[in-house]
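# Coordinate analysis (summary)
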Amino acid sequence: MSRQVQVLDQFSRPLRDLRVSVTDRCNFRCQYCMPREVFGPGFKFLPHAEVLSFEEIEVVVRVLLRLGVTKVRLTGGEPLLRRELPSLVAKLAQLPALGDLAMTTNGLLLSRFAGALAESGLHRVTVSLDSVDPGVFSEMNGVGANLQSVLDGIEAAVAAGLGPVKLNCVVRRGLNDDGIVELADFARRRGHVLRLIEYMDVGESHGWRLDEVVPSAEVIARISARWELQPVPPLYPGEVATRFRYRDGTGEVGVISSVSTPFCGGCTRLRLAADGQLHTCLFSRGGLDLRPVLRGGGGEEELASLITGLWRQRRDRYSEERSRQSEPGGPKVEMSYLGG
Ligand code: SAM
Ligand code: SF4
Ligand code: SF4
């Protein structure tokens, strides 16, 4: 197979980005992702034997780079809970054709790992930060984790050269929406790029309600009431965030409006779950299991042809069809399993 072929799905969308979930476990219990009532002490996480090894992940990424992927993001669960993560980063960072290697983390363990991750070749990190109010932060993470540890992690990432650090905030009405402007102020002062995300109905466990979603238009209205904003044109077709520049020159802020303004038309993302299932949509109800090939002696050509077939059949556009609530095929998979 020639290098960097372009594979198109049923709506002519190319394959460009890959999210790799390295674990389904997490040290937080964010209500919108892993509510404690569901992910309690009795919850059965993936057994170790079912989780892909670093060698297996490397094989899949290598194949995907040949199929057009240029950006890879490590995620979870909480990726920093995966033992020896820097050694996976080192394996992936040396692959030619990998343009961007990033990670999304809740930041709690980041001060411990930032240096090793940077040395291993990670390009940048995104840290999820829902509030800079210690009480709200502690409530939203579901385990009473301390805000300062995450702020220290962000500082450590900047110091290690993993910046500019992006901050992700899921806005939930009545919980943290009052703190948006304060969070934007924090990001502006520290030079971080803030992304405010609409609360999504991923998975089945959080009891999502539309009235808890704060539409991005409202988020932007609140921020622009404080600082003048100017829209920034997309950097590339299908850019997920809608971006705005602060007119006073203090960086930018973005919104991700998957509920109010779905962007399935430009969705070029594939997701590899920790157990080797490939999912073509965040709202997937079932994946393609790569383990039989990976563990059954199949080679890269076999994987490439399976994945090419999967992408060519892809017709996902869940967010654009959200009103059509009942879909066949069983429950949607969880965000903590798929990695956002
Ligand atoms: N544990 C890491 C973290 O929180 O950054 C990585 C995995 S987490 C599943 C990836 C991203 O998904 C986080 O930024 C998180 O805020 C976001 N997320 C989780 N549940 C969500 C939901 N229901 N709606 C929107 N974003 C969500
Ligand atoms: Fe864990 Fe991230 Fe989900 Fe929060 S959003 S529970 S930190 S996986
Ligand atoms: Fe992509 Fe699915 Fe999200 Fe649409 S709903 S943008 S197809 S992941």
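Each chain carries its own residue numbering, running from 1 in the direction its sequence is written. Chain labels run from A onward and ligand labels from 1 onward, assigned in the order the entries are written. Selection of residues for local features in this predicted model requires a pLDDT of at least 70, selection of side-chain atom pairs for listing and counting requires 80 or more, and totals for whole chains, interfaces and linings are taken over all residues. Only hydrogens and water are set aside when side-chain values are computed; all heavy atoms of the structure are taken into account.

## What about the overall build of the protein?
Keep this limit in mind: Numbered from the N terminus, helices here are DSSP runs of H or I no shorter than four residues, and strands are runs of E no shorter than two. The globule rule is 2.2 Å times the number of residues to the power 0.38, and the radius of gyration it is compared with is taken over C-alpha atoms. Here the term buried applies to any residue with accessible area under 20% of the maximum for its type, exposed to any over 50%, and partly exposed to those in between, with areas from a 1.4 Å probe on protein chains only. Counted as positive: Lys and Arg. Counted as negative: Asp and Glu, with His and the chain ends omitted from the count. Just so you know, the charge point we use is NZ for Lys, CZ for Arg, CG for Asp and CD for Glu.
When helices and strands are counted, the protein shows 10 helices and 12 strands. Here the C-alpha atoms of the protein give a radius of gyration of 19 Å, agreeing with the 20 Å that 2.2 N^0.38 yields for 340 residues. Principal axes of the C-alpha set define a box for the protein whose edges measure 55 × 45 × 45 Å. In the protein, which comprises 340 residues, the proportion classed as buried is 55%. Charge centroids of the protein, computed over 42 positive and 41 negative side chains, lie 3 Å from each other.

## A short note on the sheet that holds strand 4 (residues 124–128)
Basically, it comes down to this: Only when DSSP finds a minimum of two bridges between them are two strands counted as paired. The contact criterion used is simple: two residues touch if any of their non-hydrogen atoms lie within 4.5 Å. Here an angle of 0 to 180 degrees is reported between the N-to-C directions of two axes, which are lines fitted to C-alpha atoms, with helices fitted over the stretch in contact.
Here 12 strands make up an open sheet; going across it, the order is 7-8-9-6-5-4-3-2-1-10-11-12 and the pairing mixed. Each having just a single partner strand, strand 7 (229–232) and strand 12 (288–289) make up the two edges of the open sheet. The pairing of strand 8 (residues 242–246) with strand 9 (residues 252–256) spans four bridges and is antiparallel. Across the sheet, residue Phe244 finds its bridge partner in strand 9, namely Val253. In the packing of helix 7 (residues 216–224) onto the sheet, contacts are made with strand 5 (166–171), strand 6 (193–198), strand 7, strand 8 and strand 9, and the angle to strand 9 comes to roughly 160°.

## A look at the pattern of salt bridges
When their charged atoms lie close together, side chains carrying opposite charge are able to pair. Convention followed: A side-chain nitrogen of Lys or Arg and a carboxyl oxygen of Asp or Glu constitute a salt bridge if their distance falls within 4 Å.
Scanning the entire structure with this criterion turns up 26 salt bridges. For Asp9, the salt bridge is made with Arg13, and the minimal N-O distance between the two is 2.6 Å. Arg13 shares its class with Asp9; the two are buried. Among the ionic pairs, Arg222 bridges to Asp177, the shortest N-O distance being 3.2 Å. Note that Arg222 is positioned in helix 7 and Asp177 in the loop between strand 5 and helix 6 (180–190), a separation of 45 residues in sequence. The exposure class of Asp177 is buried, given its relative accessible area of 7%.

## Here's the deal with the site of ligand 1
Rules: A cutoff of 4 Å decides nearness: a residue is near a molecule or strand if any of its heavy atoms lies inside that distance of it. Under the rule applied, a polar contact is a pair of N or O atoms within 3.5 Å (in protein, one hydrogen donor and one hydrogen acceptor; residues adjacent in sequence only if both atoms are side-chain atoms). Only the protein chains shown count as cover for residues, with accessible areas throughout obtained via the Shrake-Rupley method and a probe of 1.4 Å. Under the scheme applied, nonpolar residues are Ala, Val, Leu, Ile, Met, Phe, Trp, Tyr, Cys and Pro; charged residues are Asp, Glu, Lys and Arg; polar residues are all the others, including Gly.
Taken together, 18 residues sit near ligand 1, with Tyr32, Gly77, Thr105, Ser128 and Met200 positioned nearest. Glu78 is positioned with one of its side-chain polar atoms (N or O) 3.3 Å from a nitrogen atom of ligand 1. Contacts to ligand 1 include Thr105, whose backbone N or O atom sits 3.2 Å from an oxygen atom. Surface burial for ligand 1 is 94%, taken as the share of its 550 Å² of free accessible area covered by protein chains. Sorting the residues of the shell around ligand 1 by element identifies strand 3 (100–105), strand 5 and strand 6 as the ones contributing at least two each. Along the lines of polarity and charge, the residues of the shell around ligand 1 split into seven nonpolar, nine polar and two charged.

## Examining helix 5 (residues 147–160)
Selection rule: What a helix is expected to span follows from its residue count: subtract one and scale by 1.5 Å.
The terminal C-alpha atoms of helix 5, which comprises 14 residues, lie 20 Å apart, in line with the 20 Å expected from a rise of 1.5 Å per residue. In the core, the buried residues of helix 5 are packed alongside helix 3 (110–120), strand 4, helix 4 (134–140), strand 5 and helix 6. For helix 5, the side-chain oxygen to backbone nitrogen distance between the N-cap and Gln148 is 3.2 Å, and the N-cap itself is Asn146.

## Points about the site of ligand 3
Near ligand 3, the surroundings consist of Phe263, Cys264, Cys267, Arg271, Cys281, Leu282, Phe283, Arg314, Asp316, Tyr318 and Ser319. Here the shell around ligand 3 is composed, by residue class, of seven nonpolar, one polar and three charged.

## As for the nonpolar core
Our working definition: Here, nonpolar core refers to any group of buried Ala, Val, Leu, Ile, Met, Phe, Trp, Tyr and Cys residues whose side-chain atoms link them within 4.5 Å.
With 105 residues, the main nonpolar core has Leu129, Leu196 and Ile223 as its most contacted residues. With residues up to four places along the chain from it excluded, the contact list for Leu196 reads Cys169, Val171, Ile180, Val219, Ile223, Val253, Gly254, Val255 and Ile256.

## Overview of the packing of helix 2 (residues 85–93) against helix 3
To keep it simple, the criterion reads: We call two directions roughly parallel when the angle between them is under 35 degrees, roughly antiparallel when it is over 145, roughly perpendicular when it lies between 65 and 115, and oblique otherwise. Working rule for handedness: look at the near helix, and if it is turned counterclockwise from the far one by less than a right angle, call the crossing left-handed; if clockwise, right-handed.
Contact geometry of helix 2 with helix 3 gives a least axis separation of 8 Å together with a crossing angle of 20°. Between helix 2 and helix 3, the interaxial angle falls into the category roughly parallel. Crossing angle aside, the handedness with which helix 2 passes helix 3 is right-handed. Residue-level contacts link Leu85, Pro86, Val89, Ala90 and Ala93 of helix 2 to Ala116, Leu117 and Ser120 of helix 3.

## With respect to the environment of Glu204
Relative to the assigned elements, Glu204 resides in the loop between strand 6 and helix 7. Spatially, the C-alpha atoms of Glu204 and Cys33 are 9.5 Å apart, while their sequence positions differ by 171 residues. When sequence neighbours within four positions are dropped, the list of residues in contact with Glu204 reads Arg285, Pro331, Lys332 and Glu334.

## Digging into the pairing of strand 6
We apply this condition: Seen with the strands pointing away from the viewer, any crossover whose path from the first strand over the helix to the second strand runs clockwise is right-handed.
Counting buried positions along strand 6 gives six out of six residues, so the element sits mostly inside the fold. Side-chain alternation along strand 6 places Val193, Arg195 and Ile197 on one buried face and Leu194, Leu196 and Glu198 on a second face that is also buried. A crossover connection joins strand 5 to the parallel strand 6 through helix 6; in handedness this β-α-β unit is right-handed. Direction of pairing for strand 6 relative to strand 9: parallel, over a ladder of four bridges. Directly across from Leu194, in strand 9, lies its bridge partner Val253.

Everything listed here is a matter of coordinates, which is why it stays silent on function.
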